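Letter by letter, the chains look like this.
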Amino acid sequence: YCARKFSLLSAVIYGELTHSLLAGLMTLCLTGCTILSPQEEAHYRSRVYNLSQSIVFEAVKAQMIDYTMALATVDPAKGLLKSQPSGVGHSAALAGGTVGYQLTVQVEPVTESSARVTPAWAMNVSSEVFRPNLVAIPIEHRPILYVDFFDALDARLGLNTPAR
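For every chain, the first residue of the written sequence is number 1, and numbering continues from 1 along that sequence. Note on the predicted model: pLDDT of at least 70 is required for a residue's local features to be given, and 80 or more for side-chain atom pairs to be given and counted; whole-chain, interface and lining totals, by contrast, use all residues. Water and hydrogen atoms were dropped before computing side-chain values, which therefore reflect all heavy atoms in the structure.

Would you mind going over helix H3 (residues 53-66) with me for this structure?
An α-helix turns once per 3.6 residues; consequently, residues spaced three or four apart project the same way. To qualify as a helix, a DSSP run of H or I must reach at least 4 residues; to qualify as a strand, a run of E must reach at least 2; elements of each kind are numbered from the N terminus. To estimate how far a helix should reach, multiply one less than its number of residues by 1.5 Å. In this model H3 runs 20 Å from its N-terminal to its C-terminal C-alpha over 14 residues, within 8% of the 20 Å that 1.5 Å per residue would give. Taken residue by residue, H3 has Gln53, Val56, Phe57, Ala59, Val60, Gln63 and Met64 as its buried positions. An end-on view of H3 places all buried positions within 165° of arc, on one side of the element. Away from the buried face of H3 by more than 90 degrees, exposed residues Ser54 and Asp66 are located. Just downstream of H3 lies threonine 68, where phi reads positive at about 60°. Buried, partly exposed and exposed residues are distinguished by accessible area as a fraction of the type maximum, computed with a 1.4 Å probe on protein chains only: under 20%, between the cut-offs, and over 50%, respectively. Working note: the arc is built from the helix axis to C-beta atom directions.

Right, dumping it as structure tokens:
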């Protein structure tokens, strides 16, 4: 009886451990093997630059063009930039559909000499070539998109990005 009970307990613990390991591996795969601390997440979710909105807006626009994104919306008055739904140059035809990214960036003034940049990524997971189906990608799911965006923007603006 004791051996069966121990055996059952071992199986449950092993099953829970296996489940936990699998869940951890899935999390790493889904996040692109990048996990941010809460401070890093806040740093890469939105950022204030001590530069005018117009300077930051033009830098964001140039950054999006460097990503080989076709820009669908460029509105300096609203501080809004939006790429075509399957930009980034990484979209690929899959079974008659497309997979790619869309980036929307809000550049809003904080003061006359500072601006806040807030990117929002979405993935186009459409099964139809000319009909996008966009799914939001929050920083928690693919932090590398946000990290790469801000690191490149910092470099474009001549700022040093601290090593993580």
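The discussion continues.
Where do I start with the environment of leucine 157 in this structure?
Here leucine 157 lies in the segment after helix H4 (143-156). Through-space distance from the C-alpha of leucine 157 to that of valine 56 is 7.8 Å; in sequence the pair is 101 residues apart. We call two residues in contact when some of their heavy atoms are within 4.5 Å. Setting aside chain neighbours within four positions, we find leucine 157 in contact with Tyr49, Leu51, Ile55 and Ala59.

Hey, could you run me through the environment of serine 126 in this one?
Turning to its location among the elements, serine 126 is positioned in the loop between strand E6 (114-124) and strand E7 (134-137). The class for serine 126 is buried, based on a relative accessible area of 8%. For serine 126 and glycine 100, which are 26 residues apart along the polypeptide, the C-alpha to C-alpha distance reads 9.1 Å.

What should I look at first to understand the pairing of E6 in this one?
The side chains of a regular strand alternate, first on one face of the sheet and then on the other. Here, any two strands with at least 2 DSSP bridges between them count as paired. For strand E1 (residues 47-49) and E6, the ladder comprises 3 bridges, and the chain directions are antiparallel. Paired with valine 48 across the strands is arginine 116, a residue of E6. Inspection of the sheet shows E6 paired to E7 by 4 bridges, in the antiparallel sense. The residue bridging asparagine 124 from the neighbouring strand is leucine 134, located in E7.

Sorry if this is basic, but what is going on with the pattern of salt bridges here?
Oppositely charged side chains can form a pair if their charged atoms are brought close together. A carboxyl oxygen of Asp or Glu within 4 Å of a side-chain nitrogen of Lys or Arg is what we treat as a salt bridge. Counted under the stated rule, the structure contains 5 salt bridges. Aspartate 154 is the salt-bridge partner of arginine 47, the closest N and O atoms lying 2.6 Å from each other. Taken together, the residues arginine 47 in strand E1 and aspartate 154 in helix H4 connect sequence positions 107 residues apart. Take arginine 47: its relative accessible area is 8%, and that puts it in the buried class. With relative accessibility at 3%, the residue aspartate 154 sits in the buried group. Arginine 156 is the salt-bridge partner of aspartate 66, the closest N and O atoms lying 2.1 Å from each other. Here arginine 156 lies in helix H4 and aspartate 66 lies in helix H3, a separation of 90 residues in the sequence. Residue arginine 156 is classed as partly exposed on the basis of its relative accessible area, which comes to 34%.

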